[in-house]
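# Overview (structure and organization)
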Amino acid sequence: MVHRADSKRFSAALGGSVPNVLGHRGAAGHAPENTLPSLLKAHELGISWVEFDVKLSRDGVPVLFHDDTLDRNTDGRGPIADQDLQALRNYDAGAWFDAAFAGTPLPTLDEGLAVLARCGMGANVEIKPSKGREAETGMAVGKALAETWPTDLPLPLVSSFSAAALQACAVAAPDLARALLVSAVPKDWRAQLDAVETDTLHCMSQRLRERKAKEILKAGFILRCFTVNRPNRARQLLDWGVHGIISDYPDRILKIA
Ligand code: G3P
Ligand code: MG
């Protein structure tokens, strides 16, 4: 068994510089998710770290995007993995949220990193592979972060629901901290963390009970929760000892954290 107390091997995964409040998809309650305005909004709200999702265009370019298809939050249609970056650039990823954001493009990871550098903001980069592209996406994101992560920023924390993506990312960028994402905490959570060589678990707040949280924390692991928009729930989780909260309204959580 591996955990914080007895392993130097996973020291990169300790996440020492990650604050206890992170903006979700930038600040998704205030601006269209996973866009540059959303990252900028988080900074404007005083948030020092954001989470965002990254997947690949057909031609293998990492872009900030959550869903497998373009339908929900752009004026495009169909799987994002079916289109090259050049085509993706034409879509509006802001108007669905509010007319004030009409014309906001779907950003590349490079553009996202440039905003982080400008704002001095850290990031939890979630690798969100389209189906069948898990290792390819993990490798591409790891490579991009290893090569282009702004030197002035604290190193990013990479996370994914996909163990294959995290393992591939670790090959490309072995020094980056990793977190495994789960909805409900599975019975074999320790084995799953071992498989991706991390001691950090991010789980869905709604599925977490106090007893399970305490079991994980008492064993010395790092635990964060998504997506927590009610300050009362955030307070409760932090009181249990949860290390971090990922929120669409990080400003609300910051007030009580
Ligand atoms: O990384 C935490 C959270 O973003 C995971 O869920 O679906 O919002 O990417 P999702
Ligand atoms: Mg995410």
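An account of the accompanying structure is given in this report. Numbers given to residues run from 1 along each chain, matching the order in which its sequence is written. Just so you know, chain letters begin at A and ligand numbers begin at 1, following the order they were written in. With the structure being a predicted model, the display of local features is reserved for residues of pLDDT at least 70 and the display and counting of side-chain atom pairs for 80 or more, all residues being used for whole-chain, interface and lining totals. The side-chain numbers reported here are obtained from all heavy atoms of the structure, hydrogens and water having been left aside.

## Details of the overall build of the protein
Stated formally: In DSSP terms, a helix is any run of H or I states spanning at least four residues, a strand is any run of E spanning at least two, and both are numbered starting from the N terminus. Within these notes, the globule rule equals 2.2 Å times the number of residues to the 0.38 power, and the radius of gyration is based on C-alpha atoms. Accessibility here uses a 1.4 Å probe with only protein chains present; expressed as a share of the type maximum, an area under 20% marks a residue as buried, one over 50% as exposed, and anything in between as partly exposed.
The helix and strand tally for the protein stands at 9 helices and 9 strands. Its C-alpha radius of gyration of 17 Å places the protein within 12% of the 18 Å reference for a compact globule of 257 residues. For the protein, the spread of C-alpha atoms along the principal axes amounts to about 50 × 40 × 35 Å. Counting every position in the protein, which comprises 257 residues, the buried fraction comes to 54%.

## Thoughts on the coordination of the magnesium ion (ligand 2)
Here is the rule: A donor here means an N, O or S atom no more than 2.8 Å from the metal, or no more than 3.2 Å when the metal is Na, K or Ca. Since water is not included, a site may seem to lack partners.
Protein coordination at the magnesium ion (ligand 2): the donors are Glu-51 (OE), Asp-53 (OD) and Glu-126 (OE), at 2.0 to 2.2 Å from the metal. Written as a sequence motif, the donor residues of the magnesium ion (ligand 2) are E-x1-D-x72-E. Here Asp-53 falls in the buried class, since its relative accessible area comes to 0%.

## Some points on the pattern of salt bridges
Going by this rule: For salt bridges, the criterion is a side-chain nitrogen of Lys or Arg within 4 Å of an Asp or Glu carboxyl oxygen.
The final tally for this structure, using the stated rule, is 14 salt bridges. Ionic contacts of the salt-bridge type, sharing partners, join the residues Arg-25, Glu-33, Asp-53, Asp-67 and Arg-72 into one network.

## Some points on the packing of helix H4 (residues 134-148) against helix H5 (residues 163-172)
Let me state the cut-off plainly: Between N-to-C directions, angles span 0 to 180 degrees; the directions come from axes that are lines fitted to C-alpha atoms, helices contributing only their stretch in contact. Two helices crossing with the near one rotated counterclockwise from the far one by less than a right angle form a left-handed crossing, whereas a clockwise rotation gives a right-handed crossing. Whether two residues are in contact is decided by their heavy atoms, any of which lying within 4.5 Å being enough. Classification used: nonpolar for Ala, Val, Leu, Ile, Met, Phe, Trp, Tyr, Cys and Pro, charged for Asp, Glu, Lys and Arg, polar for all others including Gly.
One can describe the packing of H4 onto H5 by two numbers: an axis separation of 7 Å at closest approach and a directional angle of 35 degrees. Crossing handedness for the pair H4 and H5: right-handed. Only Ala-164, Ala-165, Ala-168, Cys-169, Val-171 and Ala-172 of H5 make contact with H4, whose side of the interface consists of Glu-134, Ala-135, Gly-138, Met-139, Gly-142, Lys-143 and Ala-146. Looking at the contact of H4 with H5 residue by residue, the classes come out as 9 nonpolar, 2 polar and 2 charged.

## Quick word on the environment of Cys-225
With respect to the secondary-structure elements, Cys-225 resides in strand E8 (residues 222-226). Looking at Cys-225, the relative accessible area reads 0%, which means it is buried. Linking Cys-225 and Leu-88, residues 137 residues apart in sequence, is a C-alpha distance of 31 Å. Once you skip the residues sitting within four places of it in the chain, Cys-225 turns out to touch Cys-203, Ser-205, Leu-208, Leu-237, Val-242, Gly-244, Ile-245 and Ile-246.

## Notes on the site of ligand 1
What counts here: Throughout this document, a residue counts as near a molecule or strand when at least one of its heavy atoms sits within 4 Å of that molecule or strand. Polar contacts, as used here, are pairs of N or O atoms within 3.5 Å; protein pairs need one atom able to donate a hydrogen and one able to accept it. Residues neighboring in sequence count only if both atoms are side-chain atoms. Each accessible area value is a Shrake-Rupley result obtained with a 1.4 Å probe; residue values ignore everything except the protein chains displayed when judging cover.
The full set of residues close to ligand 1 is His-24, Arg-25, Glu-51, Asp-53, His-66, Glu-126, Lys-128, Phe-161, Leu-181 and Phe-226. Here His-24 contributes a side-chain N or O atom positioned 2.8 Å from an oxygen atom of ligand 1. The separation between an oxygen atom of ligand 1 and a polar side-chain atom of Glu-126 is 2.8 Å. Isolated, ligand 1 exposes 290 Å² of accessible area, and the fraction of that covered by the protein chains is 91%.

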